[in-house]
Amino acid sequence: MSTQEIATETAVEMITLTIDGFEVSVPKGTLVIRAAEKLGIQIPRFCDHPLLDPVGACRQCLVEIEVNGRKFPKPQASCTIPVEPGMIVNTQLTSAVADKAQQGVMELLLINHPLDCPVCDKGGECPLQNQAMSNGREESRFEGTKRTFEKPINISSQVLLDRERCILCARCTRFSEQIAGDPFITLNERGALQQVGIYEKEPFESYFSGNTVQICPVGALTGASYRFRARPFDLISTPSACEHCASGCDMRTDVRRGKTLRRLAGDDAAVNEEWNCDKGRWAFKYVNAKDRITTPLIRDESGQLREASWPEALALAAKGLKENRSAVLVGGRATLEDAYGYSKFARIALNTNDIDFRSRATSKEEKNFLASHVVGTQVNYKDLDRADHVLLLGFEAEEESPIVFLRLYKQVKKRELKITAVAPFTSRGNKKLKAELISTQAGSEASAISKISNLSKKSVILIGERLSESSGAISAAVALATNSGAKLAWIPRRAGERGALEAGALSNLLPGARPVSDSAARVDLQAAWGVSSLPSNPGLDSDEIIKEVEKGNIGALLVGGVDPLDISPDYQAIMEKAFIVSLEIRQSAVTQIADVVLPVAAVVEKSGTFINWESRARFFEAAVPESLTRSDVRILSMLADEMGSSINLPTVSSARDEFNSLGTWHNRESFTPVSGESTKIANGKANLCSWRLLLDAGSLQDGENNLAGTAHPSVAIISKSRADSLGVTNGDQIKISTPRGEITLACQIDSIDEESVWVPRNSINSKVIESLGITSGEVSVVRA
Amino acid sequence: MSEFHLEPKPSGAIQRAAEQSVPVTGTEPSGFFTQLKGFWVTFSTMFKKPNTIEYPEVKPEVAPRFHGRHQLNRYEDGLEKCIGCELCAWACPADAIYVEGENNTEGNQISPGERHAKVYQINYLRCIFCGLCIEACPTRALTMTNEYEIADDSREKLIWEKEDLLAPLRAGMLMPPHPMYPESDHHNYYRNEIKESHPSQDTKAGGEK
Ligand code: SF4
Ligand code: SF4
Ligand code: SF4
Ligand code: SF4
Ligand code: FES
């Protein structure tokens, strides 16, 4: 725990001690090594990590300590000893004994170290190299033979272990156990043969394994995808934000010659601390995928897409959007600035409120909830740290927002935070959280939620985007929050959804939480935008927009980064009827049916802001600024100019400034509760439930084979009684089908609700929406 | 050192001009003997052996340690010594070297051990022939030859690729990729204990044995 954290959590006693002759006061409980840091005195260390429990494994941090006039007989490890009043500490800077002790430890550490820096990925940024120079002997006295191990072994498809280089600091094993809750690696054997190993039965399939690579102080753990790719001096590092989920991790992107080679977790104590998940760390090759769109494309008379110039493509797009009644589908990956661009474009250039950022299963209830209870509110990680009870509704923390999971796990570990999940079964992540399960079938969440009563003002209710799939459930959660005073937070899966909500990329909301239905809010925005009127009629949701396209009432669609298959298998065919302008980074299902395709920048190529679930702005600069691609908002601005109704957002920063100057409106839409009805499943059928796994067939993970190697295998989870009646056991293939199609998967027996069957929503061999056409509801399950 | 002092001693007039901070115009009268000395140098040179070499017809012998273009060496069995570590690139004050490392895999063993250079380029428009890269190389992969005829007519041609820099295969060497010598590891190679290529390999493919 950092000194700051200790200081703020409790009003603490300060303790004064002397280090190298300087007095310093630190909160009680601070470790000597941290107190020295406060004075700017750097004690060499390997095993010490501010976020992990102290172990004193490496002994590199030895210092001389004197308490109450009595000196410890030998130098002590400063990373394990808390400060005491009147302590006198002498580090290597003032004590020859401490200096000699540190040099001795370094010498011992190097005895079995291969010193193969030239072939080591850590070379150039290695704490062992650096501290051997600063705190070691100049010359080696070692003449023996070094212990050798077979070089490198895969502890997972993406993490390699070189046991010769390991200095047994136990950072990796402590991280896995204390932070991620995946103790799949451990220290085996003793003495010179001690080594990091994997448990034989369970592979190291942690979603957080990349962090062990980042915190390993030597090159013992390296990432397979960065192996031998670069040296630190080749890389240009840019602070960035993660585009993969709404947790909002701070990141660092390292680029060599315009190509992203690695991403590391940034250091933000309020959000991701120093961690991130493997998807954020290792899924970035999509930017350089073969199907990247690089020039504007237009569909010619023969129905083929052909390359076109920007003026030609923009003119055609403008014509199509002007001549038809048009609507906008944004998708959840846009930055705040881009979403604001779409929002303003819809209102001014298209004069419509038919805009929706939710490219997934949605409901009117959800839209109403977002506009009344989510937009403009703030609940944050600190609230989770302080909560007495956290309720997870339609939300699988580890799969859908991994950093939220790490926060919860930290509190569960520290103080047994009570967690309750409303779900059909206890998932792996929820088992780690020791969550209590309120077993529920998909679709019946409302009645389960309304029975919960043990929440207090300090409780937090976390609502996942999937709760919208169950009618009445959100209303029940809102009622629960109102009655108990608990905090209510909505955690979407995608990084851009919250920003799009704030930017008003929704049919009932204008930017800055202004309800479309509030005429004062509209007038306020008219003044800010300098227009004489804004559309006042309530707009359509994505489902309604598609229906109107089918009926022929909407003739053109502006689509930004939406995969119709995320919503329904039928939508692509229906959308084909409309004139489609697609803003995309890569070829997609929409490209196949688009009339004009305009290439846009990927996250590393542009600057922007993501708003994470807490409503915290995560601003980032372009990591590859030399890229010629442009952010969506610039293209929308050009398109609006071409249409003769300017939105005047020529740059990302102008969009950001304009959005910030709008402020947040004070009034919210009122919430109209919806009553839930329980799902009825015909006899002999099963109730399907599903969610997306963190590592799955998502398009941003394309081409990351090492990463995919640690994805959880696709299995269908069924109850014991269903397995018995089907006559199957663990691992047998079962077939789940609807009239539309089927999925065949190996089954896994778990204590899931009797009537339910669970499958991953978008994994290999398990594309639920595409194959079954539904996300939940009645399916038949048979032995395959 | 006086024999290398090429400037004539300033005459009195120039010195005076300098003292009075008056610009020197070159028209100041100089002493008769000073002029004679200049003519004498010209005259005596006519009887000396000329220093000029008729390059390129005649090619001069350079000193054995002359810093010529680089070479990437091989072990006796043909495997490349370069491990793609980039230390040469790091040492280079002119940023002339570009290296990208890659994994040695079964079936694609380019150098002994785990790592080889996938891309290796030296930009001779930048190189100042200081030799710091040679000193940095941990495997003696990179050395300099005495060859100095590098000039070319385009920028592209002056970026030398790995193929251009690699030492030719000598007799007994075999073109990588091929496996390391049986029962050996990179240490054996480093200590120069490997004297021939893998017995399973047909050395005729490379040089003659
Ligand atoms: S692998 Fe790295 S982090 Fe793990 S114990 Fe060894 S040196 Fe420490
Ligand atoms: S937890 Fe979310 S924001 Fe963080 S790295 Fe992973 S995907 Fe990115
Ligand atoms: S000789 Fe000097 S300038 Fe030329 S490549 Fe080597 S280090 Fe660079
Ligand atoms: S030439 Fe030498 S220093 Fe340069 S990459 Fe190869 S092995 Fe390393
Ligand atoms: S840093 Fe203190 S013992 Fe390792």
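Keep in mind the model is a prediction, meaning the values are calculated, not measured.

**Here's the deal with empty space enclosed by the protein**
All names here are of chain A.
- This structure, assessed with the given rule, holds twelve cavities of 30 Å³ or more.
- Reported here for the largest cavity is a volume of approximately 200 Å³.
- Looking at the largest cavity, it is lined by 19 residues, and the ones nearest its centre are Ala442, Glu445, Arg466, Cys689 and Ser690.
- Elements with a minimum of two residues in the lining of the largest cavity: strand S20 (418–423) and strand S31 (686–691).
- Among the elements that take part in the lining of the largest cavity, S31 stands out by supplying three residues, more than any other.
- Split by residue class, the lining of the largest cavity holds eight nonpolar, six polar and five charged.

**Structural notes on the site of ligand 1**
- In the vicinity of ligand 1, 13 residues are found, and the nearest of them are Cys166, Cys169, Ala170, Cys172 and Cys216 of chain A.
- Its residues placed into classes, the shell around ligand 1 shows twelve nonpolar, no polar and one charged.

**Brief notes about the site of ligand 3**
- In the vicinity of ligand 3, 14 residues are found, and the nearest of them are Cys92, Cys127, Cys130, Gly131 and Cys133 of chain B.
- The residue makeup of the shell around ligand 3, split by class, is twelve nonpolar, two polar and no charged.

**Some remarks on the packing of aromatic side chains**
- For the structure on display, the rule yields 18 aromatic pairs over all chains.
- With a centroid separation of 5.7 Å and an interplanar angle of 15°, the aromatic rings of Tyr124 of chain B and Phe129 of chain B are classed as stacked.
- Three or more aromatic residues joined by ring pairs make a cluster, and in this case those are Phe208, Phe405 and Tyr409 of chain A.
- A cation over an aromatic ring shows up here: Arg257 of chain A above the ring of Tyr98 of chain B, its NZ or CZ 3.6 Å from the ring centre.
- Seen from the ring of Trp310 of chain A, Arg630 of chain A lies directly overhead, with NZ or CZ sitting 5.1 Å from the centre.

**Notes on the sheet that holds strand S11 (residues 221–223) of chain A**
- Read from one edge to the other, the open sheet built from three strands follows the order S7-S8-S11 (chain A), with strand pairing classed as antiparallel. The strands lining the two open edges of the sheet, one partner per strand, are strand S7 (153–154) and S11 of chain A.

**Remarks on the interface of chain B and chain A**
- Each side of the interface is counted separately: chain B has 15 residues, and chain A has 19 residues.
- Approximately 1500 Å² of surface area, both sides summed, lies buried where chain B meets chain A, with 56% of it carried by carbon and sulfur atoms.
- For the chain B face of the interface with chain A, the top three residues by lost area are Trp90, Glu114 and Arg115 of chain B, together amounting to 45%.
- Our count for the chain B to chain A interface comes out at three salt bridges.
- Between Glu114 of chain B and Lys151 of chain A there is a salt bridge, with the nearest N and O atoms lying 3.9 Å from each other.

**Quick word on the environment of Tyr75 of chain B**
All names here are of chain B.
- As for its placement among the helices and strands, Tyr75 is situated in the loop between strand S1 (70–72) and helix H3 (87–91).
- Looking at Tyr75, the relative accessible area reads 7%, which means it is buried.
- Residues Tyr75 and Lys195, spaced 120 residues apart in sequence, show a C-alpha to C-alpha distance of 8.1 Å.

**Re the sheet that holds strand S14 (residues 259–265) of chain A**
All names here are of chain A.
- The strand order S12-S13-S14 describes an open sheet built from three strands, whose pairing is antiparallel. Looking at which strands have only one partner, the edges of the open sheet turn out to be strand S12 (236–241) and S14. Each strand of the sheet is rotated relative to its neighbour by a mean of 30°, with strand direction disregarded.
- With six bridges connecting them, S12 and strand S13 (residues 250–256) associate as antiparallel partners. Counterpart to Pro239 in the pairing with S13 is Arg252.

**Here we look at a nonpolar patch on the surface**
All names here are of chain B.
- Among the surface-exposed residues, Trp40, Phe43, Met46 and Phe47 lie close enough to one another that they form a single nonpolar patch of about 540 Å² accessible area.
- As for its placement among the helices and strands, Phe43 is situated in helix H2 (residues 32–45).
- You can call Phe43 partly exposed: its relative accessible area is 42%.

**Points about helix H5 (residues 171–180) of chain A**
Residues and elements named next belong to chain A.
- Burial analysis of H5 places nine of its ten residues in the buried class, the great majority of the element.
- Within the sequence span of H5, burial applies to Arg171, Cys172, Thr173, Arg174, Phe175, Ser176, Gln178, Ile179 and Ala180.
- The inward-facing, buried residues of H5 contact strand S9 (185–188), strand S10 (195–198), helix H6 (210–215), S11, helix H13 (402–415) and helix H14 (428–432).
- In the segment just after H5, Gly181 is the residue with positive phi, at about 70°.

**Regarding the confidence of the model for chain B**
All names here are of chain B.
- This prediction gives chain B a mean pLDDT of 86; 81% of its residues lie at or above 70.
- In this model, residues 1–6 is a region of pLDDT below 50 whose contacts with residues beyond four sequence positions or in other chains number zero contacts.
- Across residues 205–209, confidence stays below pLDDT 50; counting only partners more than four residues off in sequence or on other chains, it has twelve contacts.
- For this predicted complex, the interface confidence score (ipTM) comes to 0.86, while the overall pTM stands at 0.91.

**Quick notes on the packing of helix H10 (residues 364–374) of chain A against helix H16 (residues 473–484) of chain A**
Residues and elements named next belong to chain A.
- Here H10 crosses H16 at 30°, and the two axes come no closer than 9 Å. The orientation of H10 with respect to H16, classified from their angle, is roughly parallel. Between H10 and H16, the residues in contact are Glu365, Glu366, Phe369 and His373 and Ala473, Ile474, Ser475 and Val478, respectively.
- Its residues assigned to classes, the contact of H10 with H16 shows four nonpolar, two polar and two charged.

Cut-offs applied
Residues numbered from 1 in each chain as written. Chains lettered and ligands numbered in written order. Predicted model: local features only at pLDDT ≥ 70, side-chain atom pairs only at ≥ 80, totals over all residues. Heavy atoms only, no water. 1 Å grid on protein atoms, 1.4 Å probe; cavity = no way out; pocket = protein on both sides within 12 Å on 5 of 7 lines; lining within 4 Å. Points joined across faces, edges and corners; volume = space filled by probe spheres on them. Helix = DSSP H or I, 4+ residues; strand = E, 2+ residues; numbered from the N terminus. Nonpolar A, V, L, I, M, F, W, Y, C, P; charged D, E, K, R; others polar. Near = heavy atom within 4 Å. Phe/Tyr/Trp six-rings, centres within 6.5 Å; stacked < 30°, edge-to-face > 60°. Lys NZ or Arg CZ within 6 Å of the ring centre and 35° of its normal. Pairing = 2+ DSSP bridges. Contact = heavy atoms within 4.5 Å. Buried area = accessible area lost by both parts, 1.4 Å probe. Salt bridge = Lys/Arg side-chain N within 4 Å of Asp/Glu carboxyl O. Buried < 20%, exposed > 50% of the residue type's maximum accessible area, 1.4 Å probe, protein only. Axes fitted to C-alpha atoms, helices over the stretch in contact; angles between N-to-C directions. Patch = residues over 30% accessible without salt bridge, like charges linked within 9 Å, V, L, I, M, F, W, Y side chains within 5 Å. Areas by Shrake-Rupley, 256 points an atom, 1.4 Å probe, with all protein chains shown as cover. pLDDT = per-residue confidence, 0-100. Parallel < 35°, antiparallel > 145°, perpendicular 65-115°, else oblique.

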